[in-house]
Amino acid sequence: MKAHDGMYIGGEWRPAAGGDTIAVVNPVDEQVIGHVPAGTAEDIDTAVRAARAAFPGWAATPPTERAAKIAALRDVLVARKDEIAETVTAELGAPLQFSQAVHAGVPVMVAGSYAELAASHPFEEKVGNSTVYSEPVGVVGAITPWNYPLHQIVAKVAPALAAGCTVVLKPAEDTPLTAQLFAEAVDEAGLPAGVFNLVTGLGPVAGQALAEHADVDLVSFTGSTAVGRQIGATAGAAVKRVALELGGKSANVILPSADLAKAVNVGVANVMGNSGQTCSAWTRMLVHTSQYDEAVELAATAAAKYGDRIGPLVNAKQQARVRGYIEKGVEQGARIVAGGPEAPREQGYFVQPTVFADVTPDMAIAQEEIFGPVVSLIRYEDEDDAVRIANGTVYGLAGAVWAGEEAEAVAFARRMDTGQVDINGGRFNPRAPFGGYKQSGVGRELGSHGLSEYLQTKSLQF
């Protein structure tokens, strides 16, 4: 798609307040593919004012009518799925097939789920002699990351709209074209002017202005834990609601009774998806000491198959960061059995699919979020040891457990301090709550729990 040179505010594309722009770079060939305006605090203020003006009318719109608009938006996303996939591939570098299935496909599922929830959610209920109303929070400031650009937008905007909130979106500066395409879809779907607004820009400028704006009632942010802390502090000073989906260092626990080959192969595939740029990726593979050597061989073989099947990282900074972690792993005593820090190509921000053996729980590669195609295999002695290792980071976003019997896996998963666990390769569920324990965040996305983030309660006693 051709980049817009303005902001989508109040139902129309408007010139930006300033003249600065942001270059959008294709991470495969490092070529500039477009420019978008670098939004200012003035642009944010204009967008928030538009959202505030639109809020009373949208909040008063019957839930079934809001549901119909979200369904219309979903239908536009379906009709433009090829363009969406091509746009994501161009600015993120994901292979086209992956973009078609995941980057374009999953947001459609999520939007559809909120079209249904908007029509069926009990926004009013009787509790004894009280009537309890679920009302929209107000104006939402949504700040989204680059790794799943459309999914993260829809996962915030759709429930906010379903709740009756209005939205100002500040997308990641690396993938703004996908956000502009979404704004086009909103316009095509016929949502009222001001219900959704888009301001592109840099995080420290536009993002900070949005988080600090006095007329924003809730900030929903997905990104690093470090930035999440800043937003939390800013919101806390104003007693403002926040929803934070932050980092992860998820454990993939393979119990001795599991199908080892399947668990290892699926585990490696999970990390390689999206070039490892997934906050919920199972980057720590925990294997019983009796099966460890076999698991290392299986993981190395599996990773080697991804050498020319995964895309680059999003930018040069991210590439350098991941390669730095690989080098640090070697320095701290881990053993590379696949991949390594050397760039596999002269052009593009590529990193080799890498597998580490002999990783101990205290190493940086076992404690810190790398955000690249890197798997660390860690030994454990018994289940208590595995629980200790799995829970031994500041994060608690996701994870996986494999066992011969489902009940055994469930019993272990219940001991994990994490927000979501896949049992024996459980499938993605767009209605299941997603979010973390500990420093992985506050609040939940997706399903009815995600809708509740954008609602506040009022009770009337009779």
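Residues numbered from 1 in each chain as written. Predicted model: local features only at pLDDT ≥ 70, side-chain atom pairs only at ≥ 80, totals over all residues. Heavy atoms only, no water.

An unreviewed UniProt entry annotates the chain as Aldehyde dehydrogenase family protein originating from Streptomyces kunmingensis. Its UniProt record, at the heading Sequence similarities (unreviewed entry), says of the chain: "Belongs to the aldehyde dehydrogenase family." (UniProt positions renumbered as here; feature names shortened; annotations may be inferred.)

Asks: Where do I start with the overall build of the chain in this structure?
Replies: A count of helical and extended segments in the chain gives 16 helices and 20 strands. Radius of gyration (C-alpha) of the chain: 22 Å, near the 23 Å computed for a compact globule of 462 residues. Relative to its 462 residues, the chain shows a buried fraction of 56%. Counting only contacts in the chain whose residues sit at least 6 apart along the sequence, the fraction spanning at least 24 positions is 74%. As displayed, the chain offers around 17,900 Å² of accessible surface, 51% of which is attributable to carbon and sulfur atoms. Across the chain, 35 positive and 52 negative side-chain charges occur, with their mean positions spaced 4 Å apart. (Helix = DSSP H or I, 4+ residues; strand = E, 2+ residues; numbered from the N terminus. Rg over C-alpha atoms; globule rule 2.2 N^0.38 Å. Buried < 20%, exposed > 50% of the residue type's maximum accessible area, 1.4 Å probe, protein only. Contact = heavy atoms within 4.5 Å. Areas by Shrake-Rupley, 256 points an atom, 1.4 Å probe, with all protein chains shown as cover. Lys, Arg positive; Asp, Glu negative; His and termini not counted. Charge placed at Lys NZ, Arg CZ, Asp CG, Glu CD.)

Asks: So what exactly am I meant to see when it comes to the packing of aromatic side chains here?
Replies: To describe a pair of aromatic rings, one takes the distance between the centres and the angle between the planes. Applying the stated criterion across every chain, the model contains four aromatic pairs. Through successive ring pairs, a cluster of aromatic residues spans Tyr 8, Trp 13, Phe 182 and Phe 196. If you follow Arg 309 out to its NZ or CZ, it ends over the ring of Tyr 306, 4.5 Å from the centre. It is Arg 345 that lies over the ring of Phe 350; its NZ or CZ is 3.9 Å from the centre. (Phe/Tyr/Trp six-rings, centres within 6.5 Å; stacked < 30°, edge-to-face > 60°. Lys NZ or Arg CZ within 6 Å of the ring centre and 35° of its normal.)

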